[in-house]
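Summary of structural features
Below are the chains, spelled out letter by letter.
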Amino acid sequence: MQKFPITAPGLAKLEEELKHLRVEERPAVIRAIAEARAHGDLSENAEYHAARERQSFIEGRIAELESIIPSSEVIDVSKFSGPQVRFGAHVTVVDEESDEEKTYRIVGQYEADMKTNSISLTSPLAKALMGKKVGDSVEVPAPGGSRAYEIAAVSY
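Residues numbered from 1 in each chain as written. Predicted model: local features only at pLDDT ≥ 70, side-chain atom pairs only at ≥ 80, totals over all residues. Heavy atoms only, no water.

Counting its secondary structure elements, the chain contains three helices and seven strands. Counting from the amino terminus, helix and strand elements in the chain follow one another as β-α-α-β-β-β-β-α-β-β. Taking 2.2 N^0.38 as the reference for a compact globule, 156 residues should give roughly 15 Å; the C-alpha atoms of the chain span a radius of gyration of 21 Å, well beyond that estimate. Here the C-alpha coordinates of the chain stretch approximately 70 × 35 × 25 Å along the principal axes. The proportion of buried residues among the 156 residues of the chain is 33%. Partitioning the intrachain contacts of the chain with sequence separation of at least 6 by distance along the chain shows that 53% fall at a separation of at least 24. (Helix = DSSP H or I, 4+ residues; strand = E, 2+ residues; numbered from the N terminus. Rg over C-alpha atoms; globule rule 2.2 N^0.38 Å. Buried < 20%, exposed > 50% of the residue type's maximum accessible area, 1.4 Å probe, protein only. Contact = heavy atoms within 4.5 Å.)

This is the structure in structure tokens:
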């Protein structure tokens with residue numbers, strides 16, 4: 001069985017989502033299906049079809065989470081320090097072309113979220129940053145051509 005690295009907060013978030021789907025979403029969609037069934041002819045019942053589609057999504061996500069969670073390996077990033085980029089690091093990079101500065105956190109693939117600037121360990125940027133130190137430059141392949149970044153700071 002392949003293990004996937006994850007932070008403790010990332011695992012807690014997945015476990016909370018699984019609990020929410022099992023305890024709240026699944027029973028709610030079952031009630032919605034029963035209510036839509038009560039309206040009669042199912043072949044032309046849009047509410048019934050929408051509820052069944054929602055149920056399919058919920059059951060699929062539950063199955064996905066049930067396979068991800070046991071395969072997760074929690075990495076305690078609080079024990080990490082130093083200038084080298086590793087899993088769990090907050091890395092500030094400066095685009096060498098535009099001088100734009102951004103900070104990313106390198107996390108597991110199942111907790112990556114661009115809204116919070118959390119990037120997957122398997123992303124091209126994270127792969128380029130891993131093992132590098134403050135002051136190093138990295139070249140990252142991008143759809144519009146390669147981008148060069150300098151590592152300005154690393155923290156855990």
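Pairing between side chains of opposite charge can happen when the charged atoms of each approach one another. Applying the stated criterion across every chain yields a total of six salt bridges. One salt bridge in this structure joins Arg 61 and Glu 17, with 2.8 Å as the shortest N-O distance. Taken as a pair, Arg 61 in helix α2 (residues 46-68) and Glu 17 in helix α1 (residues 8-37) lie far apart in primary sequence, 44 residues in all. Classification of Arg 61 as buried rests on a relative accessible area of 19%. Among the residues examined, Glu 17 registers a relative accessible area of 27% and is labelled partly exposed. Measuring nitrogen to oxygen at the nearest pair gives 2.8 Å for the salt bridge that ties Arg 54 to Glu 25. Pair noted here: Arg 54 is in helix α2 and Glu 25 is in helix α1, with a separation of 29 residues, a long-range link. (Salt bridge = Lys/Arg side-chain N within 4 Å of Asp/Glu carboxyl O.)

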